[in-house]
Amino acid sequence: MLLTFFPGFRLVLIIEEIFQGVKKMEVSISQMVSETVRKIEGLISDISGLQSAYVEHICSKCEAPCCTRVHYLFSEKDILYSRLSGRKHGWRREAFTKKGCWFLGPTGCFLAPQSRPFICHSYICPDLKAEIRRNSPDLLADLEAKFKLISMLRSQMWAEYLDVF
Ligand code: SF4
Ligand code: SF4
């Protein structure tokens, strides 16, 4: 009855209800982004662990390491992933002028696996591929399937992020 007499008041209630609805939706989307980031973290740990023995064996003997032939490989999704997973790169000013990747130190990459661009995990050069194939014939297919899943989750993370912010 009161609302009949004060239509303006009713409008305020409706707007308030809409705001509350949007807020709830933002919280649930934000939880979805966190869940997606957690899934990516798990998969990156997996692919990194699965390749590590072969990388150590082959890359330590490589005459033209790929890390010395690139500079900066971070894409927008890599940066977003770093931000959402709470990781930092640890920039060093002198790195910008040196040859090769800015994150390449005297003993290899100084970024933790979860902080590296995704391409650093998914690029498997022919020598590394041959080594993996020789020792574990099914592993390449397993890795490829995981790379695909991570790519899909990274796109999902991007879309969910855009919905919240
Ligand atoms: S991935 Fe291939 S090119 Fe890169 S360091 Fe290892 S062996 Fe060399
Ligand atoms: S970020 Fe690390 S792994 Fe990737 S290219 Fe640079 S030094 Fe190599």
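The rules behind the values
Residues numbered from 1 in each chain as written. Chains lettered and ligands numbered in written order. Predicted model: local features only at pLDDT ≥ 70, side-chain atom pairs only at ≥ 80, totals over all residues. Helix = DSSP H or I, 4+ residues; strand = E, 2+ residues; numbered from the N terminus. Buried ≥ 20, exposed ≤ 12 C-beta atoms within 10 Å, placed from the backbone. Contact = placed C-beta atoms within 7 Å. Near = placed C-beta within 6 Å. Nonpolar A, V, L, I, M, F, W, Y, C, P; charged D, E, K, R; others polar. Core = buried A, V, L, I, M, F, W, Y, C linked by C-beta atoms within 7 Å. Expected span 1.5 Å × (residues − 1). pLDDT = per-residue confidence, 0-100. Axes fitted to C-alpha atoms, helices over the stretch in contact; angles between N-to-C directions. Parallel < 35°, antiparallel > 145°, perpendicular 65-115°, else oblique.

Moving on to the overall build of the protein chain. Scanning the protein chain from terminus to terminus reveals six helices and two strands. Out of the 165 residues in the protein chain, the part that is buried amounts to 13%. Restricting the contact set of the protein chain to residue pairs at least 6 apart, pairs at least 24 apart contribute 85%.

Let us look at the site of ligand 2. Around ligand 2, the neighbouring residues are Cys67, Val70, Leu73, Cys101, Phe103, Leu104, Cys109, Leu111, Arg116, Pro117 and Cys120. Residue composition of the shell around ligand 2, by class: 10 nonpolar, no polar and one charged.

In this section: the nonpolar core. By size, the foremost hydrophobic cluster in this structure holds nine residues: Val33, Val37, Ile40, Ile44, Tyr81, Phe118, Ile150, Met157 and Tyr161. When contributions to this core are tallied by element, the ones reaching two or more residues are helix 2 (7-59) and helix 6 (139-164). The element best represented in this core is helix 2, accounting for four residues. The contact partners of Ile40, leaving out residues within four places of it in the chain, are Tyr81, Ile150, Leu153, Arg154 and Met157.

Another aspect to go through is the site of ligand 1. Neighbouring ligand 1 are Ile58, Cys59, Cys62, Pro65, Cys66, Cys125, Asp127 and Leu128. The set of elements that each furnish at least two residues to the shell around ligand 1 consists of helix 2 and helix 5 (126-135). Looking at the shell around ligand 1 residue by residue, the class counts come to seven nonpolar, no polar and one charged.

With that settled, consider the environment of Lys129. With respect to the helices, strands and loops of the structure, Lys129 is situated in helix 5. Residues Lys129 and Val55 lie 74 residues apart in sequence; the distance between their C-alpha atoms is 10.0 Å.

Let us look at helix 6. Given a rise of 1.5 Å per residue, 26 residues ought to cover 38 Å, and the 37 Å separating the end C-alpha atoms of helix 6 matches this to within 8%. The complete set of buried residues in helix 6 reads Leu143, Ile150, Met157, Glu160 and Tyr161.

This brings us to the environment of Cys109. With respect to the helices and strands, the residue Cys109 is situated in strand 2 (residues 108-109). When residues no more than four places from it in sequence are discounted, the contact partners of Cys109 are Cys67, Phe103, Leu104 and Arg116.

What follows is about the confidence of the model for the protein chain. With 82% of its residues at a pLDDT of at least 70, the protein chain reaches an overall mean of 87. Here helix 1 (residues 2-5) stands out as the element of the protein chain with the lowest mean pLDDT, 56, in contrast to helix 4 (residues 118-122), whose mean of 97 is the highest.

Quick look at the packing of helix 3 (residues 76-84) against helix 6 now. Think of two packed helices as two axes; the pair is described by the angle between the axes and how far apart they sit. The contact between helix 3 and helix 6 brings their axes to 10 Å, and the two run at 70°. Here helix 3 lies roughly perpendicular to helix 6, going by the angle between them. Residues Lys77, Leu80, Tyr81 and Leu84 of helix 3 form the contact with helix 6, whose participating residues are Arg154, Met157, Trp158 and Tyr161. For the contact of helix 3 with helix 6, a count of residues per class yields six nonpolar, no polar and two charged.

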